[in-house]
Amino acid sequence: MNELKIKYTFLLLSLLLSSSSFGMKDIIVYASQDTQHSQFDLSNITYIKSETERDIELEEAFSKVYNLKRGEHNIKYYYNRIDLNNDNKPETFVYLSGPYVCGTGGCSGVIFQEVDDEYKLVSKFSLVRTPIIIQEKMTNGWKNLIMYVAGGGITPSYKELTFNGETYPLNPSVQPDVKNGKIKGVGIISDDITEKTGIKF
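For clarity, every value in this text was computed on a predicted model and none was experimentally measured.

Before going further, it helps to examine the sheet that holds strand β5 (residues 107–115). Strand pairing in a sheet relies on backbone hydrogen bonds, with the paired strands running either antiparallel or parallel. As summarised here, the arrangement of the five strands in space is β6-β5-β4-β3-β11, forming an open sheet in which the pairing is antiparallel. Edge positions in the sheet fall to β6 (118–128) and β11 (199–200), since each has one partner strand and no second. Summarising the sheet, strand β4 (residues 91–97) and β5 pair through five bridges and their orientation is antiparallel. Following the sheet pairing, F93 is matched in β5 by I111.

Take a look at the structure:
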């Protein structure tokens, strides 16, 4: 497969993923490192868009993590609340977009847990692309995550992130590949990031 065809395949995948917020569920095909085709059935993923209500306390929490100043760094954020550890209390996954928090491989993300009415940092992520898939499968009491990685010289692939007892890994690109087959779970932050969406910080 020549380079142009590979690039076209990756572009098609990106378009399909960005269309997921409109209910598109399909079998995604991409070229792996050895140029053989790998198939992933995404038909069992439920996609949800991010919240639209501004959360000032959440803004204060992620601005401290990244040393952001309101109005200076041209940041937009997206978030969903979802129970990741089956304690019947939702955690908050935040996806940050903007030149200060993004690169060619993706953008930044954080997970917060509410403790005593405050947001406590659980995990930071680099190279995040949306949607993020939350699986039912768990490791050390927390649900496994699946993230798609590409760009910046990264071989495009799906990666599985597992909780180590304290946090999730920072960099999804160096995590194990998801094996071919059916991927199940909830795809959070399924918004079309290319549009004028997100909450301005």
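Moving on from the model shown.
With respect to the helices, strands and loops of the structure, D83 is situated in the loop between β3 (76–82) and β4. Look at D83: it is buried, it has no salt bridge, and the nearest opposite charge is K143 at 6.0 Å. Separated by 3.3 Å, the side chain of D83 and the backbone nitrogen of N85 make a polar contact. One polar contact links the side chain of D83 to the main-chain amide nitrogen of D87, over a distance of 3.3 Å. Not counting residues within four places of it along the chain, the set of residues in contact with D83 comprises N88, K89, P90, E91 and K143.

For the rest of this paragraph, the subject is the pattern of salt bridges. Close approach of charged atoms lets side chains of opposite charge pair. A complete count under the given rule lists seven salt bridges for this structure. Of the charged contacts, one joins R54 and E59 as a salt bridge, the two residues approaching to 2.7 Å between their closest N and O atoms. Judged by relative accessible area, which is 43%, R54 ranks as partly exposed. As a salt-bridge pair, K159 and D177 come within 2.5 Å of each other at their nearest N and O atoms. Placement of K159 in strand β9 (residues 154–161) and of D177 in the loop between β9 and β10 (181–188) is noted, with a sequence separation of 18 residues between them. Assessed through its relative accessible area of 10%, K159 is described here as buried. Linked through salt bridges whose partners overlap, the residues forming this network are R54, E59, E60 and R70.

On to the state of the cysteines. Scanning the entire structure with this criterion turns up one disulfide. Note that C102 is cross-linked by a disulfide to C107, the S-S spacing being 1.9 Å. The sign of the S-S torsion, about 105°, decides the handedness of the disulfide formed by C102 and C107: right-handed. Take C102: its relative accessible area is 26%, and that puts it in the partly exposed class. Using a relative accessible area of 9% as the deciding quantity, one classes C107 as buried.

Attention now goes to the environment of K200. Looking at the element boundaries, K200 is found in strand β11. Spatially, the C-alpha atoms of K200 and E59 are 10.0 Å apart, while their sequence positions differ by 141 residues. Not counting chain neighbours up to four residues away, the residues in contact with K200 comprise R54, E59, I75 and K76.

Criteria and thresholds
- Residue positions are given per chain, counted from 1 along the sequence in the order it is written.
- Under the rules for a predicted model, residues below a pLDDT of 70 receive no local features and side-chain atom pairs below 80 are neither given nor counted, while totals for whole chains, interfaces and linings still include all residues.
- Side-chain metrics rest on all non-hydrogen atoms present in the structure, leaving aside hydrogens and water.
- Being paired, for any two strands, means DSSP has found at least two bridges between them.
- Note on conventions: DSSP H or I runs of at least 4 residues are helices, E runs of at least 2 residues are strands, and numbering of each starts at the N terminus.
- Throughout, exposure labels follow a simple rule: accessible area from a 1.4 Å probe, protein chains only, divided by the maximum for the residue type, with under 20% read as buried, over 50% as exposed, and the rest as partly exposed.
- For the charge count, each Lys or Arg is scored as positive and each Asp or Glu as negative, with His and the chain ends excluded.
- The term salt bridge refers to a pairing of a side-chain nitrogen on Lys or Arg with a carboxyl oxygen on Asp or Glu at a separation within 4 Å.
- Under this definition, polar contacts are N or O atom pairs within 3.5 Å; protein pairs additionally need one hydrogen-donor-capable and one acceptor-capable atom, and for neighbouring residues in sequence, both atoms have to be side-chain atoms.
- Any two residues having at least one pair of non-hydrogen atoms within 4.5 Å are treated as being in contact.
- Cysteine sulfur atoms that come within 2.5 Å of each other are treated as a disulfide pair.

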